[in-house]
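Each chain is listed here by its residues.
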Amino acid sequence: MKSLADIGEDALVADLVGMLEQDASVIVGPGDDCAVIDAGEQDVYQLMKTDCLVEGIHYESGEDPVRIGWKAVARVISDFAAMGGRAEYLLVTIAMPSAARVGDIENLYKGMQRCASMFGACICGGETSSVPDGSAAVISIAGTGKVSKARLATRSGGKHGDAIMVTGTLGGSIAGKHLDFTPRAEEAKWLCGSFDIHAMMDVSDGLARDLPRLAYASQCGYEIDATYVPVTSGCDLSQALNDGEDYELLFTLTSSDVDALLEAWWGVFPETKLTKIGRLCDEGEGDDFKDGGWQHFHS
């Protein structure tokens, strides 16, 4: 019998998704940054998301719990933003060893509340549990949000010939950047309100893992010019492609809109880079990053 290490995260998700049944109210089901539900409101869809941090995987023991709490919520805010939407209500589940210090848990919640408040979300409930001695701590955030039907962005809307764009710089998360990032919520809101964004997601598992996911969902291939990949200072191209946990926006739009986008962008977000790194092409053609980026279960 195969193990999770044999197949990896993407194959596991595809297998499990194939077992699920969806009803007509599910506009976007598993496989995107958020689930999208038509809850009967005229102009908006409901967004639903769940995410988790596992000690030793997403953060190391001994890290500042305020920063850990910030990251736990910021990851979910980033996923709502990647759909063109915003978070509304969040639920927190923590599973901790009994030896965990009360002060650390309180600081964890301070970090979560700080992030939620900054982005207009409300932490309204949750659950607590113990874990066996020696087990890793787990922090899980589930949330709901809203997105205008006219501004919804998914991974699957990319078109042949689209320009591939990315915000900020990539690489260097291991140096601590992954605990302090600011979700690109304002940038995503502006993008989806100002331009026809065909496909979008946030870069959480590395460009080399997430760009193929976007291209696959859009039934396209992809080509990038490595000389244009925006590399974080002190990092190299391999780190930019593979480190992950950048939480930058990766999106596509019609190539003829790029110049207008860049000109407008610098006027609104002068401190944040925006770079064209390539284009979408025919499915099965272009580059192949193979097993780059981060994938759970693979050693």
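Anything mentioned here points back to the structure above.
About the thresholds
Residues numbered from 1 in each chain as written. Predicted model: local features only at pLDDT ≥ 70, side-chain atom pairs only at ≥ 80, totals over all residues. Heavy atoms only, no water. Pairing = 2+ DSSP bridges. Helix = DSSP H or I, 4+ residues; strand = E, 2+ residues; numbered from the N terminus. Axes fitted to C-alpha atoms, helices over the stretch in contact; angles between N-to-C directions. Contact = heavy atoms within 4.5 Å. Right-handed = clockwise from strand over helix to strand, strands pointing away. Phe/Tyr/Trp six-rings, centres within 6.5 Å; stacked < 30°, edge-to-face > 60°. Buried < 20%, exposed > 50% of the residue type's maximum accessible area, 1.4 Å probe, protein only. Polar contact = N/O pair within 3.5 Å; in protein donor to acceptor, adjacent residues only side chain to side chain. Left-handed = near helix turned anticlockwise from the far one by under 90°. Nonpolar A, V, L, I, M, F, W, Y, C, P; charged D, E, K, R; others polar. Parallel < 35°, antiparallel > 145°, perpendicular 65-115°, else oblique.

K.L.:
Help me understand the pairing of strand β11 (residues 274–282) in this model?
P.N.:
A regular strand carries its side chains on alternate faces of the sheet. Direction of pairing for strand β7 (residues 163–167) relative to β11: antiparallel, over a ladder of 5 bridges. Across the sheet, the residue bridging to alanine 163 is arginine 279, located in β11. Bridge count for strand β9 (residues 220–224) against β11 is 5 bridges, and the pairing is antiparallel. Paired with cysteine 220 across the strands is aspartate 282, a residue of β11.

K.L.:
Explanation requested: the sheet that holds β9 in the structure shown.
P.N.:
Each strand in a sheet pairs with its neighbour through backbone hydrogen bonds, running either in the same direction (parallel) or in the opposite one (antiparallel). If you trace the 5 strands from one edge of the open sheet to the other, you get β8-β10-β7-β11-β9, paired in antiparallel fashion. Two strands in the sheet have a free side with no partner beyond their single neighbour: β8 (199–202) and β9. If you compare each strand with its neighbour and ignore which way they point, the axes differ by 25 degrees on average. In the packing of helix α2 (residues 65–82) onto the sheet, the strands contacted are β8 and β10 (249–253), and the crossing angle to β8 comes to about 175 degrees. Where helix α4 (residues 185–194) meets the sheet, its contacts fall on β8 and β10, and the angle it forms with β10 comes to roughly 5 degrees.

K.L.:
In this structure, what is going on with the pairing of strand β5 (residues 122–130)? I would like to understand it.
P.N.:
Bridge count for strand β4 (residues 86–96) against β5 is 8 bridges, and the pairing is parallel. Within β5, the position partnered with leucine 91 by the bridge is glycine 125. Between the parallel pair β4 and β5, the chain is carried across by helix α3 (residues 102–118), and the sense of this crossover is right-handed.

K.L.:
What am I meant to see in the packing of aromatic side chains here?
P.N.:
We describe a pair of aromatic rings using the distance from one ring centre to the other and the angle between the two ring planes. Taken as a whole, this structure holds 6 aromatic pairs when the rule is applied. Aromatic pair tryptophan 190 and phenylalanine 269: ring centres 5.8 Å apart, planes at 85 degrees, arrangement edge-to-face. Here phenylalanine 269 lies in the loop between α7 (258–268) and β11 and tryptophan 190 lies in helix α4, a separation of 79 residues in the sequence. With respect to class, tryptophan 190 is no different from phenylalanine 269; both count as buried.

K.L.:
What am I meant to see in the sheet that holds strand β1 (residues 26–28) here?
P.N.:
Spatial ordering of the open sheet is given by β1-β2-β3-β6-β4-β5, a layout of 6 strands whose pairing is mixed. In this open sheet, the two strands that pair with only one neighbour each are β1 and β5. With direction set aside, neighbouring strand axes in the sheet form an average angle of 20 degrees. Docked against the sheet, α3 engages β4, β5 and β6 (138–148), running at close to 170 degrees with respect to β4.

K.L.:
Please clarify how the environment of leucine 253 should be interpreted in this entry.
P.N.:
The topology assignment puts leucine 253 in strand β10. Residue classification places leucine 253 among the buried residues on the basis of a relative accessible area of 0%. In the structure, leucine 253 is positioned 189 residues away from aspartate 64 in sequence and 39 Å away in space, judged by C-alpha atoms. The contacts of leucine 253, once residues within four sequence positions are left out, are Asp162, Ala163, Met165, Phe195, Asp196, Ile197, His198, Val258 and Leu261.

K.L.:
Mind showing me how you'd approach the side chain of lysine 71 here?
P.N.:
Structurally, the position occupied by lysine 71 is in helix α2. Reaching out from lysine 71, the side chain makes a polar contact with the side chain of histidine 178 at a distance of 2.7 Å. Beyond its immediate sequence surroundings of up to four residues, lysine 71 is in contact with Leu53, His58, His178, Leu179, Phe181, Glu245 and Tyr247.

K.L.:
Can you help me understand the side chain of aspartate 205 in this one?
P.N.:
Along the polypeptide, aspartate 205 turns up in the loop between β8 and α5 (207–217). On the accessibility criterion, aspartate 205 (11% relative accessible area) is buried.

K.L.:
Is there a simple way to think about the packing of α2 against α3 in this case?
P.N.:
Any two packed helices are characterised by how steeply their axes cross, that is the angle between the axes, and by the distance between the axes. Put simply, α2 and α3 touch, their axes get as near as 6 Å, and they point 40 degrees apart. As α2 runs across α3, the sense of the crossing is right-handed. Contacts from Pro65, Val66, Ile68, Gly69, Trp70, Val73, Ala74 and Ile77 of α2 reach α3 at Asp104, Asn107, Leu108, Gly111, Met112, Arg114, Cys115, Ala116 and Met118. Its residues assigned to classes, the contact of α2 with α3 shows 12 nonpolar, 3 polar and 2 charged.

K.L.:
Explanation requested: the packing of α4 against α7 in the structure shown.
P.N.:
Contact geometry of α4 with α7 gives a least axis separation of 12 Å together with a crossing angle of 140 degrees. The pairing of α4 with α7 is recorded here as oblique in orientation. Seen from above, α4 lies across α7 with right-handed handedness. On α7, the residues touching Glu187, Trp190 and Leu191 of α4 are Leu261, Ala264, Trp265 and Val268.

K.L.:
Looking at this model, I keep getting lost on the environment of leucine 214. Mind explaining?
P.N.:
Relative to the helices and strands, leucine 214 resides in helix α5. A C-alpha to C-alpha distance of 34 Å links leucine 214 and lysine 110, two positions 104 residues apart in sequence. Setting aside residues no more than four positions away along its own chain, leucine 214 makes contact with Arg155, Ala199, Met200, Met201, Leu250, Thr252 and Leu280.

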